[in-house]
Amino acid sequence: MRCASLARAGELPLEQADGLAFIANTDDGGNALDGRCDIRLSGKLPQARFWTLTLTDSRGRLIDNAANRFGFTSAEAVWNGDGTVDIALGPRSRAGNWLPTGARDRVVLTLRLYDAPVGIATRTSDAPEMPALVTERCP
Amino acid sequence: MKKLALPIAVGLVLAGIVHLVSVLIMPNFAERDAYSRLSVIGSTNTVAQIDDPTPFGAVLPATDPAFVTAVCLYDLGDGPLRLQGADHRRLHLGVVLYPPRPGLLRHQRPLGRPPR
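Residues numbered from 1 in each chain as written. Chains lettered and ligands numbered in written order. Predicted model: local features only at pLDDT ≥ 70, side-chain atom pairs only at ≥ 80, totals over all residues. Heavy atoms only, no water.

On to the overall build of chain B. A tally of helices and strands in chain B yields two helices and two strands. Tracing chain B from N to C terminus, the helices and strands come up as α-α-β-β. Looking at chain B as a whole, 17% of its 116 residues qualify as buried. Summed over all atoms, the accessible surface of chain B reaches about 9,000 Å², with 61% contributed by carbon and sulfur. (Helix = DSSP H or I, 4+ residues; strand = E, 2+ residues; numbered from the N terminus. Buried < 20%, exposed > 50% of the residue type's maximum accessible area, 1.4 Å probe, protein only. Areas by Shrake-Rupley, 256 points an atom, 1.4 Å probe, with all protein chains shown as cover.)

A few words now on the overall build of chain A. Scanning chain A from N- to C-terminus turns up two helices and eight strands. Seen in sequence order, chain A has helices and strands lined up from the N terminus as α-β-β-β-β-β-β-β-α-β. Counting over 139 residues, chain A shows a buried share of 42%. Pairs at least 24 apart in sequence give 75% of the contacts found in chain A among residues at least 6 apart. (Contact = heavy atoms within 4.5 Å.)

A separate point is the sheet that holds strand E2 (residues 38-43) of chain A. Residues and elements named next belong to chain A. Read across the open sheet, the four strands follow the order E6-E5-E2-E8; overall the sheet is mixed. With partners counted over all chains shown, the strands left at the sheet margins are strand E6 (97-100) and strand E8 (132-137), one partner each. Each strand of the sheet is rotated relative to its neighbour by a mean of 25°, with strand direction disregarded. As defined by bridge partners, E2 adjoins E8 across five bridges and the pair is classed as antiparallel. Its bridge partner lying in E8, leucine 41 is registered against leucine 133. (Pairing = 2+ DSSP bridges. Axes fitted to C-alpha atoms, helices over the stretch in contact; angles between N-to-C directions.)

Let's shift gears to the state of the cysteines. Residues and elements named next belong to chain A. Counted under the stated rule, the structure contains one disulfide over all chains. The partner cysteine of cysteine 37 in its disulfide is cysteine 138, sulfur to sulfur 1.9 Å. Looking down the S-S bond of the cysteine 37 and cysteine 138 bridge, the torsion is 100°, so its handedness is right-handed. Of this pair, cysteine 37 sits in the loop between strand E1 (19-24) and E2 while cysteine 138 sits in the segment after E8; the two residues are 101 residues apart in sequence, bridging distant segments of the chain. Overall, the relative accessible area of 2% leaves cysteine 37 in the buried class. Looking at cysteine 138, the relative accessible area reads 48%, which means it is partly exposed. (Disulfide = S-S within 2.5 Å.)

The full count for this structure, using the stated rule, is four aromatic pairs over all chains. Ring geometry for tyrosine 114 of chain A and phenylalanine 67 of chain B: centres 4.6 Å apart, planes at 45°, overall tilted. Here the residue tyrosine 114 of chain A occupies a position in strand E7 (residues 107-114), and phenylalanine 67 of chain B occupies one in the loop between strand E1 (47-50) and strand E2 (69-72), the pair thus bridging two chains. Note on phenylalanine 67 of chain B: relative accessible area 18%, which makes it buried. Counting every residue linked through ring pairs, the aromatic cluster contains Phe50 and Tyr114 of chain A together with Phe67 of chain B. (Phe/Tyr/Trp six-rings, centres within 6.5 Å; stacked < 30°, edge-to-face > 60°.)

Residues and elements named next belong to chain A. In this fold, threonine 110 is placed in strand E7. On the accessibility criterion, threonine 110 (8% relative accessible area) is buried. When sequence neighbours within four positions are dropped, the list of residues in contact with threonine 110 reads Ala21, Phe22, Ile23, Thr52, Leu53 and Thr54.

Our next topic: a nonpolar patch on the surface. A cluster of nonpolar side chains, namely Leu6, Val10, Val13, Leu14, Ile17, Leu20, Val21, Leu24 and Ile25 of chain B, defines an oily patch on the protein surface of about 840 Å² accessible area. As for its placement among the helices and strands, leucine 24 of chain B is situated in helix H1 (residues 2-29). (Patch = residues over 30% accessible without salt bridge, like charges linked within 9 Å, V, L, I, M, F, W, Y side chains within 5 Å. Salt bridge = Lys/Arg side-chain N within 4 Å of Asp/Glu carboxyl O.)

Nonpolar side chains tend to gather and get buried jointly when the protein is soluble and globular. Trp51, Leu53, Leu55, Ile87, Leu99 and Leu109 of chain A are the most contacted members of the largest nonpolar core, which totals 21 residues. The set of elements that each furnish at least two residues to this core consists of E2, strand E3 (50-57), strand E5 (85-90) and E7 of chain A. The element contributing the most residues to this core is E7 of chain A, with four residues. Residues Ala34, Leu60, Val71 and Leu73 of chain B belong to the second largest nonpolar core, which totals six residues. (Core = buried A, V, L, I, M, F, W, Y, C linked by side-chain atoms within 4.5 Å.)

This is how it looks when you write it as C-alpha cells:
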C-alpha cells in the first residue's frame, strides 16, 4: 500500500541509513499544529551529525514569507548554552529562532536527522529524546 | 434473502481481488512517480541538479529545502556505474541509490552505497 502511494506521489523517501524523518502535525497535547497560534519547540534534539527542521502547510508545501525562511538546520539555529534549542513558530516575527507560519491553520513540522546512530533508525536503541512541542497561545 | 447471500459474497470477494490487484499493479502505471518526473530533467547517466523546492512547487515532493539536490538516472545495462566528484569534506554529502520503479522491487534491497 505504501509503495503504491509513494509511486503515485513521486516521493523519494530518505533511506534508513541516510537520514530519518520525524513528522509532527500535533503538539504534545495532541492538538493539531495551528499556524495562527504561537508554538514553541524546545529542548534537546536527538543525536545526529546534522539535522534540519522544515515547516510546511498540511499539503507539504513550503509557506511563502517575506523572510524566505522555511526551516532551520543544526548549523543555523541559535543554541542555548546548555545544548538545548528553542524555536518559535508563529504568524508574527518573534525573538530568537522564528519560523513564519503564514497564519495557516494547519502546519506540519518535519525533523530530518542525518547520520543518526544506527540504533535510532532500526529502533534497537531507546526512543530518542525529543524536544517538547507546545502551543503557547492562540488568538 | 438467503438466495442473494451467495451472489453477494461472490461479488464481495471479486471486488476485493480486483482492488488488491489494482493496488499492486498501480506503481507500473504511475506516470507521476519519481522516475517519470525526473526523466524530463536530465538524460540517463548524467548528474543534473534539480531546482530547490519553493512555496509554489517542487520537482519532487518532500525534498529537504536545506539541501541542494542532484539526481542521476542510471542505467546499468551497459556496465557498472562509477560516481566521481570533488571531495567536499566540509559539507554533508549523501548519496542514495534507488532501484528503478520503487514498488515493483519492494522485497529487494537497494543497491549498496559507495563508501563515504
